[in-house]
Amino acid sequence: YVIVPLEEQFAHQIENSKKELDVVDKDITLRDFLEIFVNLYGTSKWWPSTFSGKVGSIENYINPIIGDWKLNEITTKSLSKYYNDLLSVPEVPRSNRKATGRCVQPANIKKIHDIIRCALNQAIRWEYLDSKMRNPASLATLPKVPKVKRKVWNVQTFKEAIKLVDDDLLLLCMHLAFACSLRVGEITGLTWDDVIIDEEAIANNNARVIVNKELARISQSAMQKLKEKDIIKIFPTQKPHCTTRLVLKTPKTETSNRTVWLPTTLAQLL
């Protein structure tokens, strides 16, 4: 789908688009191309939370290290070396958080690689690179990501935990997380119109919740850049200079939109 702006209203945007796409700079750097990539591809494809994370990776780990590389000189070998070198680069702490002292982890290097691979695919499609060439990132060697088995509570641990809860709302949230496998954002994003717990539904074992939105904290800059895409409601901020906002938003993927059936005990608690 193509949005055609009004010429008299957006003449400068038309000129900028011509500069970015019509005149292809064969000697463009990775840094300059990524700016075009984010503005054209990222704003249309990425979710607000995804947008902030990917732009952060570009600004923290790509541009400072390989941003000056010429786009047409990037090779599979040079990318493989870059990914390996990242293992000795200190992690950039998130805003308002202390530095961990760790270096970049293999799982984060995989995310950085995904950004570069996607960007180079677009560079080939937009003819910044030879359309017949193979994406140099496609065969690059990445550090092995260790498999870590996530620890989960068993039934006995859960029973012991709920005995210690004296907050009814927290108790409900714990039951929803344990019995329905809902994420924190999905639980706190539930509204009563999506909870079917009438007497008939409980009697027929048809009590259920419909998951179609979630609570999340998103940076204001990302929301503005994406024109509040997929945002249902923005909640008032508690701080005057806050750089993030609490929002109610649509789920990130289609599979996250789902109906979850409730055990009778949980339906009665609700």
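Residues numbered from 1 in each chain as written. Predicted model: local features only at pLDDT ≥ 70, side-chain atom pairs only at ≥ 80, totals over all residues. Heavy atoms only, no water.

### A short note on the sheet that holds strand E4 (residues 231–234)
Within a sheet, neighbouring strands are paired by backbone hydrogen bonds and run either parallel or antiparallel to one another.
1) Next: As summarised here, the arrangement of the three strands in space is E3-E5-E4, forming an open sheet in which the pairing is antiparallel. Two strands bound the open sheet, and with one partner strand each, they are strand E3 (214–219) and E4. The sheet shows a mean angle of 40 degrees between the axes of neighbouring strands, direction not considered.
2) Next: Sheet analysis places E3 next to strand E5 (residues 244–249), joined by six bridges and oriented antiparallel. (Pairing = 2+ DSSP bridges. Helix = DSSP H or I, 4+ residues; strand = E, 2+ residues; numbered from the N terminus. Axes fitted to C-alpha atoms, helices over the stretch in contact; angles between N-to-C directions.)

### A few points about the sheet that holds strand E6 (residues 258–261)
1) Next: Here three strands make up an open sheet; going across it, the order is E1-E2-E6 and the pairing antiparallel. This sheet does not close on itself; its edge strands, each paired only once, are strand E1 (195–196) and E6.

### Let's talk about the nonpolar core
1) Next: Judged by nonpolar contacts, the single largest core of 42 residues is most densely connected at Phe 37, Ile 62, Leu 71, Leu 79, Tyr 82 and Ile 116.
2) Next: Those elements that place two or more of their residues in this core are helix H2 (30–45), helix H3 (48–66), helix H4 (76–85), helix H5 (106–125), E3 and helix H10 (220–225).
3) Next: Of the residues forming this core, the biggest block, nine residues, is contributed by H5.
4) Next: Counting residues in hydrophobic clusters, the runner-up holds 14 residues, among them Leu 176, Cys 180, Ile 187 and Ala 267. (Core = buried A, V, L, I, M, F, W, Y, C linked by side-chain atoms within 4.5 Å. Buried < 20%, exposed > 50% of the residue type's maximum accessible area, 1.4 Å probe, protein only.)

### Focus on a positive patch on the surface
1) Next: Taken together, the side chains of Arg 94, Arg 97, Lys 111 and Lys 252 present a region of like positive charge at the surface.
2) Next: Relative to the helices and strands, Lys 111 is located in helix H5. (Patch = residues over 30% accessible without salt bridge, like charges linked within 9 Å, V, L, I, M, F, W, Y side chains within 5 Å. Areas by Shrake-Rupley, 256 points an atom, 1.4 Å probe, with all protein chains shown as cover. Salt bridge = Lys/Arg side-chain N within 4 Å of Asp/Glu carboxyl O. Lys, Arg positive; Asp, Glu negative; His and termini not counted. Charge placed at Lys NZ, Arg CZ, Asp CG, Glu CD.)

### Side note on the side chain of Gln 122
1) Next: Checked against the element boundaries, Gln 122 lands in helix H5.
2) Next: Apart from the residues within four sequence positions on either side, Gln 122 is in contact with Phe 33, Phe 37 and Tyr 41. (Contact = heavy atoms within 4.5 Å.)

### So, unusual backbone geometry
1) Next: For Glu 127, which is not a glycine, the phi torsion comes out positive at approximately 65 degrees.
2) Next: Structurally, the position occupied by Glu 127 is in the loop between H5 and helix H6 (155–163).

### Some points on the environment of Thr 264
1) Next: Its place among the elements puts Thr 264 in helix H11 (residues 264–269).
2) Next: Separated by 59 residues in sequence, Thr 264 and Asn 205 have C-alpha atoms that sit 7.0 Å apart.
3) Next: Not counting residues up to four positions away in its chain, the partners in contact with Thr 264 are Ile 202 and Asn 205.

### So, the packing of H2 against H5
1) Next: Running from amino to carboxyl end, H2 crosses H5 at an angle of 85 degrees, the nearest separation of the two axes being 10 Å. The angle between the axes of H2 and H5 places the two elements in the roughly perpendicular class. Residues Phe 33, Leu 34, Phe 37 and Tyr 41 of H2 form the contact with H5, whose own contacting residues are Ile 115, Cys 118, Ala 119, Gln 122 and Ala 123.
2) Next: Along the lines of polarity and charge, the residues of the contact of H2 with H5 split into eight nonpolar, one polar and no charged. (Parallel < 35°, antiparallel > 145°, perpendicular 65-115°, else oblique. Nonpolar A, V, L, I, M, F, W, Y, C, P; charged D, E, K, R; others polar.)

### Description of the pattern of salt bridges
1) Next: Inspection of every chain in the model, using the stated rule, returns 10 salt bridges.
2) Next: Asp 114 is paired through a salt bridge with Lys 110; the nearest N and O atoms lie 3.0 Å apart. Of this pair, Asp 114 and Lys 110 both sit in helix H5, separated by four residues, roughly a single helical turn.
3) Next: Residue Asp 114 is joined to Arg 117 by a salt bridge in which the shortest nitrogen-to-oxygen separation is 3.3 Å. Residue Asp 114 and its partner Arg 117 are both found in helix H5; the two are separated by three residues, about one turn of the helix.
4) Next: Each of the salt bridges in this network shares a partner with another, and the network as a whole consists of Lys 110, Asp 114 and Arg 117.

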